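# Understanding the architecture of this molecule
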Amino acid sequence: CHELDKLAELLNGADKVMIYVVIGCAGAHDQVMALAEKLKAPVGYTLKGKMFLECDNPHDVGMTGFIGGSACADAIHECDVLLLLGTDFPWKDFLVTKSRVAQILDRPERLGRRTHVELGLAGDVIPSLEALLPRIKSHKNDTFLKERLEARTHNRERLREHAEDTGKPGAISPEFLAATLDKYADDDAIFTSDTGMSTVWAGRYLRATGKRTLMGSYSHGSMASAMPQAIGSAFAGNGRQVIACCGDGGISMLLGDIMTIAQYQLPVKLIVFNNGSLGMVEIEMQLAGIPDNQTDLHNPKLAQVAEACGIKGIRVEDPARLDAAIKEALDHDGPVLVDVTTDHNAVGMPPHTSLKQLEAYTMSQAKMVLDGRSLEVIAHAKANLKYMGDL
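The notes below deal with the structure included here. Just so it is clear, the structure is predicted and the values come from calculations on it, not from any experiment.

The next subject is helix H14 (residues 322-331). Turning to H14, its buried residues are Leu322, Ala325, Ile326, Ala329 and Leu330. End-on, the buried residues of H14 take up no more than an arc of 125 degrees, which puts them together on one face. Exposed residues lying more than 90 degrees from the buried face of H14 are Ala324 and Asp331.

The following block contains the structure:
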């Protein structure tokens, strides 16, 4: 194939190749690893591709986007050639690069709609890579790969440090919650997550094992998806453990579906990251230079609501009780709702924050002070000093 020859020529002639993959590479783990080894290329992935490509991946540099880290983001910026495999990653702000870009996608009408593409090939990933691999020469220089792997190690260390900060009563660290959930969940658990901050913590702390599944509304950003997806997974999952990482805003939107879980006694574990706000909306408003408005939530005690519906309810306000509560919930033979009061001020810093975003955020905070909300601004600043090293 002439186009595959052109792609091979492009990759063989580059010193620094970056491979970026998504769910279109499901089942192509071995082919992607073989290509990465030949090219000495770092491999990054989207949230949809995490469970397929994170495990058994010596070239793993993690994710980019709001959830990801600098190892992947910088690889995209610094490479000579960026190879997009099976991906139509929608957040084009995180695909800004001066590198030469090639893309393999089974939907030809979507080639190049997120970033400039010099060479676009229509086709399925597995047969395309199997035909491409014999054309690729083995690269000797692995300096770029080693640099990005070192950055990935640093990203992981920062995540570990955040998870070790358990928080305080009434404001439990959401990183600590997600890491604890990861520790006790089954190796083949099915996770679902709501759109919002619960997805940030799930994406960063739930490790891939090669058997786990992570689902959410990651293309459309529909709220309140975790619980209904968990219900469907419980019916179709053949006995696998099903865990929903819910936001308090998300679960409140479909609170009546708890009755469906109760009626059928589906063994779903609902873990509520209850920070008393629409956290992602709040952050987006602030990054647009707008003081957050109408994002605070006055929630019922959700564990009591669950008990009233016939589901085991556990409320956790003290971080010292979290470990035992998560273990109890996952060991329970039946549905459980764990209502965890997490830190309202905890945010997840993206791998790169532009000067424009920082200016807009500063403007939103200044407007809040002028509006008499200085105590909120001070509390937010104190809580997020620990994240400055992530920028």
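Let's pick the thread back up.
Here six strands make up an open sheet; going across it, the order is S9-S8-S10-S11-S13-S12 and the pairing parallel. At either end of the open sheet lies a strand with only one pairing partner, and these are strand S9 (213-216) and strand S12 (312-316). Between one strand axis and the next, the sheet turns through 15 degrees on average, direction left out of account. Across six bridges, strand S11 (residues 268-274) lies against strand S13 (residues 336-341) in parallel orientation. Along S13, the bridge assignment pairs Phe273 with Val340. Set on the sheet, helix H7 (residues 174-184) makes contact with strand S8 (190-193), strand S10 (242-247), S11 and S13; between it and S11 the angle comes to about 165 degrees.

A word on the environment of Lys6. With respect to the element layout, Lys6 can be found in helix H1 (residues 2-12). Of the residues examined, Lys6 reaches a relative accessible area of 36% and is grouped as partly exposed. Lys6 sits 113 residues away from Leu119 along the chain, and the two C-alpha atoms are 8.2 Å apart.

The subject of this paragraph is the pairing of S8. The two faces of S8 match: Ile190 and Thr192 on one face and Phe191 and Ser193 on the other face are all buried. Alignment of S8 against S9, held across four bridges, turns out to be parallel. By the bridge assignment, Ser193 is partnered in S9 with Gly216. Between S8 and its parallel partner S9, the chain crosses via helix H8 (residues 197-205), and the hand of that crossover is right-handed.

Right, let's get into the sheet that holds strand S2 (residues 43-45). The strands that make up a sheet pair up through hydrogen bonds in the backbone, lying either parallel or antiparallel. Read across the open sheet, the five strands follow the order S2-S1-S3-S4-S5; overall the sheet is parallel. Each edge of the open sheet is held by one strand with a lone partner, namely S2 and strand S5 (119-122). Sheet twist, expressed as the average angle between the axes of neighbouring strands with direction ignored, equals 15 degrees. In the sheet, strand S4 (residues 100-105) pairs with S5 via four bridges, with the strands oriented parallel. Paired with Ala102 across the two strands is Leu119, which belongs to S5. Packed on one face of the sheet, helix H4 (residues 70-78) meets strand S1 (17-21), S2 and strand S3 (81-85) and runs near 125 degrees to S1.

The rules behind the values
- Residues numbered from 1 in each chain as written.
- Predicted model: local features only at pLDDT ≥ 70, side-chain atom pairs only at ≥ 80, totals over all residues.
- Heavy atoms only, no water.
- Buried < 20%, exposed > 50% of the residue type's maximum accessible area, 1.4 Å probe, protein only.
- Helix = DSSP H or I, 4+ residues; strand = E, 2+ residues; numbered from the N terminus.
- Arc of directions from axis to C-beta.
- Pairing = 2+ DSSP bridges.
- Axes fitted to C-alpha atoms, helices over the stretch in contact; angles between N-to-C directions.
- Contact = heavy atoms within 4.5 Å.
- Right-handed = clockwise from strand over helix to strand, strands pointing away.

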